[in-house]
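Spelled out, the chains give:
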Amino acid sequence: MTTLVLATTNAGKLREIRDVLAGLAIEVRALADFPAIAEPEETGRTFEENARAKALYYAGATGALVVAEDSGLEIDALDRAPGVYSARFGGDRAPTYPEKFALVYRMLDERGAPESTARFACALALSRPGEILFEARGTIEGRITSPPRGSGGFGYDPIFFYPPFGCTLAEVPAERKTSVSHRGQAFRRLGEYLEAQGSRLTAQDSRLRVENVRRATL
Ligand code: ITT
């Protein structure tokens with residue numbers, strides 16, 4: 001059976017990804033199953049760049065087949081900030097989510113757009129050591145709402161109002177969020193790819209293994 005490592009340090013992401021991949025015939029493992037690996041620095045300017053870099057880094061560190069994702073909230077009235085900086089938004093001045101929400105509200109008030117349209121985006125990359133095998137992206141459109149509402153989900157979900165549901169993503173059960181979310185879309189695509197590959201997918205490139213055997217027998 002194919003073994004896939006979910007390379008994220010974010011418990012909210014991990015829960016959602018496990019749920020989407022649950023029905024597949026693959027063994028899913030978390031970073032916690034490996035000896036501690038230092039977190040890579042995220043230096044990319046796009047979700048795609050960061051997802052690729054994280055996937056390649058963790059594939060190299062574990063020697064396994066790895067999927068990583070980079071995601072975030074783009075608020076239109078803030079020129080798509082915080083974007084790739086969503087986890088770090090506000091730095092030391094706003095370490096908790098209630099503080100990040102207050103900062104978003106203050107910045108939107110200054111721009112006269114308290115209910116700005118916004119979206120979550122997720123880029124995922126599947127990698128084995130040295131090689132990207134598959135990429136996918138998902139987005140979900142909504143708007144910022146005040147005050148924060150709901151206790152489900154994680155991160156910015158309590159301030160993200162999703163019009164088709166008439167509430168925030170923190171006010172719906174996890175499966176309902178995943179049925180429409182950026183992450184749900186991207187990982188369902190990954191699931192289709194993995195199913196199509198079946199047991200052919202391994203952490204090593206079979207061509208490399210053949211070369212190694214040839215070299216060994218020379
Ligand atoms: P890893 O890099 O280890 O996966 P991280 O949390 O640092 O964990 P990112 O750099 O991709 O991951 O930052 C994503 C941030 O975007 C996340 O911490 C939230 O603040 C926000 N975010 C992404 N998806 C979200 C969602 O579904 N609901 C709420 N907030 C979300």
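What you are looking at is a predicted structure, and each value in this text was computed from that prediction instead of being measured.

The rules behind these values
Residues numbered from 1 in each chain as written. Predicted model: local features only at pLDDT ≥ 70, side-chain atom pairs only at ≥ 80, totals over all residues. Heavy atoms only, no water. Near = heavy atom within 4 Å. Polar contact = N/O pair within 3.5 Å; in protein donor to acceptor, adjacent residues only side chain to side chain. Helix = DSSP H or I, 4+ residues; strand = E, 2+ residues; numbered from the N terminus. Nonpolar A, V, L, I, M, F, W, Y, C, P; charged D, E, K, R; others polar. Phe/Tyr/Trp six-rings, centres within 6.5 Å; stacked < 30°, edge-to-face > 60°. Lys NZ or Arg CZ within 6 Å of the ring centre and 35° of its normal. Core = buried A, V, L, I, M, F, W, Y, C linked by side-chain atoms within 4.5 Å. Buried < 20%, exposed > 50% of the residue type's maximum accessible area, 1.4 Å probe, protein only. Contact = heavy atoms within 4.5 Å. Pairing = 2+ DSSP bridges.

Draft legend 1. Highlighting the site of the ligand. In the vicinity of the ligand there are 21 residues, among which T8, T9, K54, Y97 and D157 approach most closely. Within the side chain of N10, a nitrogen or oxygen atom sits 3.0 Å from an oxygen atom of the ligand. At a separation of 2.6 Å, an oxygen atom of the ligand approaches a polar side-chain atom of K54. Broken down by secondary-structure element, the contributors of at least two residues to the shell around the ligand are β3 (65-75) and α5 (182-197). By residue number, the principal contributor to the shell around the ligand is β3, which donates 4 residues. Per-class residue counts for the shell around the ligand are 5 nonpolar, 8 polar and 8 charged.

Draft legend 2. Just the packing of aromatic side chains, in detail. What the rule picks out here adds up to 7 aromatic pairs. Put simply, the rings of Y97, F101 and Y156 pair up and form one aromatic cluster. When the ring centre of F161 is taken as origin, the NZ or CZ atom of R143, which lies over that ring, is 4.3 Å away.

Draft legend 3. Up close: the nonpolar core. Of all hydrophobic cores here, the largest spans 23 residues; its most connected members are L73, I75 and I144. Among the secondary structure elements, those contributing two or more residues to this core are β3, α3 (97-110), β5 (117-128), β6 (131-144) and β7 (160-162). Of the residues forming this core, the biggest block, 5 residues, is contributed by α3. If we skip the residues at most four places from it in the chain, L73 touches R80, A81, P82, G83, S86, A118, R119, F120, I144, Y156 and F160.

Draft legend 4. Examining the pairing of strand β1 (residues 2-6) more closely. β1 sits mainly inside the fold: 4 of its 5 residues count as buried. Direction of pairing for β1 relative to strand β2 (residues 26-30): parallel, over a ladder of 5 bridges. Across the sheet, V5 pairs through a bridge with R29, a residue of β2. Pairing of β1 with β3 involves 3 bridges; the strand directions are parallel. From the neighbouring strand, L4 faces β3, where its bridge partner is L65.

Draft legend 5. Region of interest: the side chain of R128. With respect to the element layout, R128 can be found in strand β5. For R128, a relative accessible area of 11% gives the class buried. Side chain to side chain, R128 and E131 meet in a polar contact 2.9 Å long.

Draft legend 6. Focus on helix α1 (residues 11-21). Buried within α1 we find G12, K13, L14, E16, I17, V20 and L21. Buried positions along α1 lie against β1, β2, α2 (47-62), β3, α4 (174-180) and α5. Measuring from the backbone nitrogen of G12 back to the side-chain oxygen at the start of α1 gives 2.9 Å, which picks out N10 as the cap.

Draft legend 7. Focus on the pairing of β3. Along β3, 11 of the 11 residues are buried, which leaves the element largely enclosed by surrounding structure. Burial along β3 is two-sided: L65, V67, E69, S71, L73 and I75 facing one way and V66, A68, D70, G72 and E74 facing the other are all buried. Of the pairings in the sheet, the one linking β3 to β5 comprises 10 bridges and is antiparallel in character. By the bridge assignment, L73 is partnered in β5 with F120. In this sheet, strand β4 (residues 81-82) lies alongside β3 in antiparallel orientation, the contact comprising 2 bridges. By the bridge assignment for β4, I75 is matched with A81. Counted between consecutive antiparallel strands, the loop separating β3 from β4 contains 5 residues, among which D79 sits at a positive phi close to 55°.

Draft legend 8. Structural view of the environment of R143. With respect to the helices and strands, the residue R143 is situated in strand β6. Placed 15 residues apart in sequence, R143 and R128 show a C-alpha to C-alpha distance of 37 Å. Discounting residues that sit within four places of it in the chain, R143 has contacts with E115, S116, T117, A118, I159, F160 and F161.

Nothing here speaks to function; it is all geometry.
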